Amino acid sequence: MEQLIDVARQTYDLVIIEAPPMAAVVDYKMIARHCDGFIFLVEWGKTSQRLVLECLSDASALLDRVLCVVLNKADPSALRSIEHYKGDGFHAYYSNQKGA
């Protein structure tokens, strides 16, 4: 694995490794030493806040390398209802236009 990643780094500007969910398996611990950064994906309506906090606290050694958290499969209509409670800032992050 180390040789494969070394060759890929010499050839490409960016190497992305997709790993299984952190909560399901410990593969990320084996992959972590080869990664400069992590993108943490959270599935809307499926991943509980408790599970996210648990995964991130279990992986405290990786926290300084988490580049961002991505909310995947978000429900735009539900996000609109949140705007009612959270304010108008919602429109700065969401657009109905295709490709936006």
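Quantities reported herein were computed from a predicted structural model and do not represent experimental measurements.

### Section: helix 3 (residues 49-58)
Link 1 in the chain: Looking only at helix 3, the buried set comprises Val 52, Cys 55 and Leu 56. Projected down its long axis, helix 3 carries its buried residues within an arc of 95°, all on one side. Facing away from the buried side of helix 3 by more than 90 degrees, the exposed set consists of Arg 50, Leu 53 and Asp 58.
Link 2 in the chain: Packing partners of the buried residues in helix 3 comprise strand 1 (38-43).

### Notes on the nonpolar core
Link 1 in the chain: Tyr 28, Ile 31, Ala 32, Cys 35, Phe 38, Ala 59 and Leu 62 together form the largest nonpolar core, which totals 7 residues.
Link 2 in the chain: In terms of residues, this core owes the most to one element, helix 2 (residues 27-32), which gives 3 residues.
Link 3 in the chain: Apart from residues lying up to four places away in sequence, Cys 35 is in contact with Arg 9, Ile 17 and Arg 65.
Link 4 in the chain: Counting 5 residues, the second-largest nonpolar core is a separate cluster that includes Val 42, Val 52, Cys 55 and Leu 56.

### A look at a nonpolar patch on the surface
Link 1 in the chain: A contiguous nonpolar surface patch, about 380 Å² in accessible area, is contributed by Met 1, Tyr 12, Val 15 and Ile 17.
Link 2 in the chain: Inspection of the secondary structure puts Met 1 in the segment before helix 1 (2-11).

### A short note on the pattern of salt bridges
Link 1 in the chain: Going through the model one piece at a time under the given rule, you end up with 3 salt bridges.
Link 2 in the chain: Residues Asp 36 and Arg 9 are paired through a salt bridge, measuring 3.5 Å at the closest nitrogen-oxygen approach. Of this pair, Asp 36 sits in the loop between helix 2 and strand 1 while Arg 9 sits in helix 1, and the two are 27 residues apart along the sequence.
Link 3 in the chain: Among the residues examined, Arg 9 registers a relative accessible area of 40% and is labelled partly exposed.
Link 4 in the chain: Between Glu 54 and Arg 50 there is a salt bridge, with the nearest N and O atoms lying 3.0 Å from each other. A residue pair is termed a helical-turn pair when its members lie 3 or 4 positions apart in one helix, as Glu 54 and Arg 50 do in helix 3 at 4 residues.
Link 5 in the chain: Given a relative accessible area of 56%, Arg 50 falls into the exposed group.

Cut-offs applied
- Residues numbered from 1 in each chain as written.
- Predicted model: local features only at pLDDT ≥ 70, side-chain atom pairs only at ≥ 80, totals over all residues.
- Heavy atoms only, no water.
- Buried < 20%, exposed > 50% of the residue type's maximum accessible area, 1.4 Å probe, protein only.
- Helix = DSSP H or I, 4+ residues; strand = E, 2+ residues; numbered from the N terminus.
- Arc of directions from axis to C-beta.
- Contact = heavy atoms within 4.5 Å.
- Core = buried A, V, L, I, M, F, W, Y, C linked by side-chain atoms within 4.5 Å.
- Patch = residues over 30% accessible without salt bridge, like charges linked within 9 Å, V, L, I, M, F, W, Y side chains within 5 Å.
- Areas by Shrake-Rupley, 256 points an atom, 1.4 Å probe, with all protein chains shown as cover.
- Salt bridge = Lys/Arg side-chain N within 4 Å of Asp/Glu carboxyl O.

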